[in-house]
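Structural characterization, general
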Amino acid sequence: MRVPRPLSSFIGHADTLASVAELLADHRLVTLTGTGGTGKTRVSLELAQRLRDDYPDGIAFVPLAPLRDPTLIPSAVAQQLGLQDSRGRPLPDHLADYLSDRQVLLVLDNFEHLLAGAPVVADLLAGPGKSRILVTSRAPLRLSAEHVFPVSPLPLPAGDADASDATALFVDRARAHQPAFIADRSNADAIASIVRRLDGLPLAIELAAARVTVLPPAELLARLDDSLTLLVGGRADLPDRHQTLRSTIAWSHDLLSLAAQRLFATFAAFRGGAALTDLEVVAADLEIPVVDAVQELVDHSLLRTVSGLPRYAALETVREFAAEQLASRPEAQEIHATHAAVFRERVEPLDRPPIWPSNAFLAALDLDHDNVRAALDWLQEHDPPTAVHMAAKLSAFWSIRGHFGEGRRRLRSLLDLVPDSTPDRVAALQGAAWLALDQGDTPDDLLTESIEIAHALGDRVGEATGLLSRGRTLLSAGDVGAAAQLVGTAKSIFEADGDRKGVAAASILLGAGASIAAPPGAACAALEQCVELCGDLGLTNLRARTLQLLGIAHIRGGNFAEARAALAEGVPTVVESGDRFGIALGLGALIMLSVATSRLRLALRLAGVRDAFERLHEVTGPQPLRRLTDQWLAPVRSKMGASVADATRDEGRGMTIEQAVKAALANDVERPWQGLTPRETDVAELVASGLTNREIADRLVLSVRTVETHVDRILGKLGFTTRGQLTAWAHEHGLMAEVRSEVT
């Protein structure tokens, strides 16, 4: 379940929770509407936690506030579902199929600024199924399947000293800031008046409660009342509740120190949160004590810490107000430019695919993906050539993380915007080509242009990188010989230019072909050199991919211990990276290892895992490697029989990747009669072969009475009542091949 857990307690909205739960039971799309600050997001989070048992296939929370482009909605959904961009068809169709096969609750939070993307939500529910979508938005999506539920503010106290959800929230949040705070007769009237003055809006109440550290309720009420009267009067075009909320934020903002106000405005340049170190860099020219200002903003509930990290986020309503403040400041463009520069530098270490960064680098970039998008947006408008450079750098990230469509759209737009023949254009064209190959397309036009420009510029590395991608195209199609010629040429250019990372990239593609077609000894030698080179260069993910290929080469050569060692080191790293092509390749290698080590049922279950993974992510490994794996599986299917083999393969579809990898690398001897002692296994096999108790006793040199006891225990452990049931079960599970070999 991918749902964030709020640090504060949930108060109020009991009737709302019950009503929305009933709506979701009967309807596939429910939208929570209401002005900012009514608690729509908080209600959706609480509801997701309470309904988790109703959705066995999971609950995914998709924060949409950081997005500015409606076309990114499918990518955001896929990311939270653990999927990547689709191959060969629109991503919404892939997501719709995924949801129709499962019972998932999808929570789309803060949709109001992306209403042009509402048809995507309808597309997600195009198929049948029990999945549900819960949307929070200030405005309805206006879809035919939509059921709208307005979220109201918290109920107010009937009298001055009466309890209510609104007063309970104020007291709870006040105690969070000042643990010694007590609500009693001396302040009950003031608290009741405060929450009434704030119209019961949870966000406004939380902002006001944060001030009890310096103002007792009575004085807080007086100052709040004066401020709201003044502030609301200036925005007559807004609905009353929106005026109240905005004015409460403005009031809280006006009470900040000047340093905190300036940092609050600076924060608006960020999307999806900000690390403290990045805030310090972007605010450096403001000459303010950033740490103190951040603490002040957190203390007053305008910023919130994220998962215990030195990282901060704001509710979208608060961030919008901060954006207004930033837009009004003379240094706004300078702050945006500095923010863009920070994240342009953040991606500068990225190299061209397949020279992927470490998993730690990828995880950090995942966290700031929305800030990277914001930086690209700003650069595309204000400095397009730099945007081209940055987007080209991001190609490797987009590739390994599966953001194929987003990367291709961004690169296409920038290439159209900046037609200049430069090394950055070469890199951008090749990045777009690699992403196209990731999605199964053949980007001849992109590669041709990139190679021609690189040649004209004398950019030998750019030219070689284009040849490398062309070689990948041929390898994927199964033309190993032609691929080797192109990639070999590229490798020679890289070597002459001293580009060791390029040499590593070429070596792994050559190794992929060698692992299939070359003599095993020669393939292992070449791949071991590539492993060593990648290790020297710190290319952990490329090294892991190479180790998987080395495992395949060792299996072909009959060196199963070496194969297991290579796969044990390579496969987990590839799985951690999320590289779906690499995972499919690794599963194929583990299937071969299982066959080679006589774990036939495990091999079939792993094939089922691979089937499910490839269907889910719409991916297959290189066809030559796929054919090699299938060749190893064919005798297993023949030995066990089609029906038994298919049933065993189906068992694997329910395994996770982690379970599959653990089982494959465990090196356990496969025990078909799981749960039986060795002696009971001997007896069970002979019973299944049709021997009588007397014949079994003679074969095993036991008494008939002992055999009878063993048979009774065996039937009990396996859940059978007759010998015939045991024999039939052995046939159905493909165990008779082993039994026949034992008794003949």
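Read on for an overview of the structure. These numbers come from a predicted model, not from an experiment. (Residues numbered from 1 in each chain as written. Predicted model: local features only at pLDDT ≥ 70, side-chain atom pairs only at ≥ 80, totals over all residues. Heavy atoms only, no water.)

1. Side note on the sheet that holds strand β8 (residues 309-313)
- Taken together, three strands build an open sheet; the order of strands is β6-β8-β7 and the sheet is antiparallel. Two strands bound the open sheet, and with one partner strand each, they are β6 (274-275) and β7 (304-306). (Pairing = 2+ DSSP bridges. Helix = DSSP H or I, 4+ residues; strand = E, 2+ residues; numbered from the N terminus.)

2. Focus: the sheet that holds strand β1 (residues 29-33)
- Pairing in this open sheet of five strands is parallel, and the strands run β2-β3-β4-β1-β5 from one edge to the other. Two strands lie at the open edges of the sheet, namely β2 (59-63) and β5 (146-150), each paired on one side alone. Put simply, the sheet's adjacent strands are angled 20° from each other on average, direction ignored.
- In terms of strand pairing, strand β3 (residues 105-109) meets strand β4 (residues 132-136) through four bridges, oriented parallel. Opposite L108, over in β4, you have V135 as the bridge partner.
- With respect to the sheet, helix α1 (residues 14-26) is in contact with β1, β3, β4 and β5, its orientation differing from that of β4 by roughly 140°.
- Here helix α3 (residues 73-80) sits on the sheet in contact with β2 and β3, set at roughly 140° to β2. (Axes fitted to C-alpha atoms, helices over the stretch in contact; angles between N-to-C directions. Contact = heavy atoms within 4.5 Å.)

3. Let's talk about the side chain of D109
- Assignment of secondary structure puts D109 in strand β3.
- Buried and unpaired, D109 has K40 as its nearest opposite-charge partner, separated by 7.6 Å.
- A polar contact is formed between the side chain of D109 and the side chain of T136, at a distance of 2.5 Å. (Buried < 20%, exposed > 50% of the residue type's maximum accessible area, 1.4 Å probe, protein only. Lys, Arg positive; Asp, Glu negative; His and termini not counted. Salt bridge = Lys/Arg side-chain N within 4 Å of Asp/Glu carboxyl O. Polar contact = N/O pair within 3.5 Å; in protein donor to acceptor, adjacent residues only side chain to side chain.)

4. Some details on empty space enclosed by the protein
- Tallying each qualifying case throughout the model produces two cavities of 30 Å³ or more.
- There is about 80 Å³ of room inside the largest cavity.
- For the largest cavity, the lining is made up of 12 residues, of which A584, L585, R610, L625 and R626 are closest to its centre.
- With four residues, the top contributor of residues to the lining of the largest cavity is helix α29 (residues 580-596).
- For the lining of the largest cavity, the residue count by class is six nonpolar, three polar and three charged.
- In this model, the second largest cavity occupies a volume close to 50 Å³.
- Taken together, V282, D285, L286, E331, E334, I335 and T338 make up the lining of the second largest cavity.
- Among the elements that line the lining of the second largest cavity, the one with the most residues is helix α15 (residues 332-347), at three residues. (1 Å grid on protein atoms, 1.4 Å probe; cavity = no way out; pocket = protein on both sides within 12 Å on 5 of 7 lines; lining within 4 Å. Points joined across faces, edges and corners; volume = space filled by probe spheres on them. Nonpolar A, V, L, I, M, F, W, Y, C, P; charged D, E, K, R; others polar.)

5. Regarding the pattern of salt bridges
- Counting across every chain of the model gives 40 salt bridges.
- In this structure, E614 engages R626 in a salt bridge whose closest nitrogen and oxygen atoms are separated by 2.3 Å. Remark: R626 occurs in helix α31 (residues 623-640) and E614 occurs in helix α30 (residues 600-617); sequence separation between them is 12 residues.
- Where R653 meets D650, a salt bridge forms, and the shortest distance between an N and an O atom there is 2.9 Å.
- Since its relative accessible area comes to 40%, R653 is described here as partly exposed.
- Overall, D650 belongs to the partly exposed group, its relative accessible area being 43%.
- One network of salt bridges, with partners in common, ties together D172, R173, E206 and R304.

6. So, unusual backbone geometry
- Of note, the amide linkage connecting P353 to P354 takes the cis form, showing an omega dihedral of 10°.
- Its identity is not glycine, yet E287 carries a phi of approximately 55°, on the positive side.
- When its relative accessible area of 73% is taken as the criterion, E287 is described as exposed.
- The backbone of S301 shows a phi angle near 65°, a positive value even though the residue is not glycine.
- Following the sequence through the fold, S301 ends up in the loop between α13 (290-299) and β7.

7. Some remarks on the pairing of β8
- Two strands pair when backbone bridges link them, and β6 and β8 are joined in this way by two bridges, in the antiparallel orientation. Within the sheet, the bridge partner assigned to A274 lies in β8 and is Y312.
- Linking β7 to β8, which pair antiparallel, is a turn of two residues; within it S307 sits at a positive phi near 50°.

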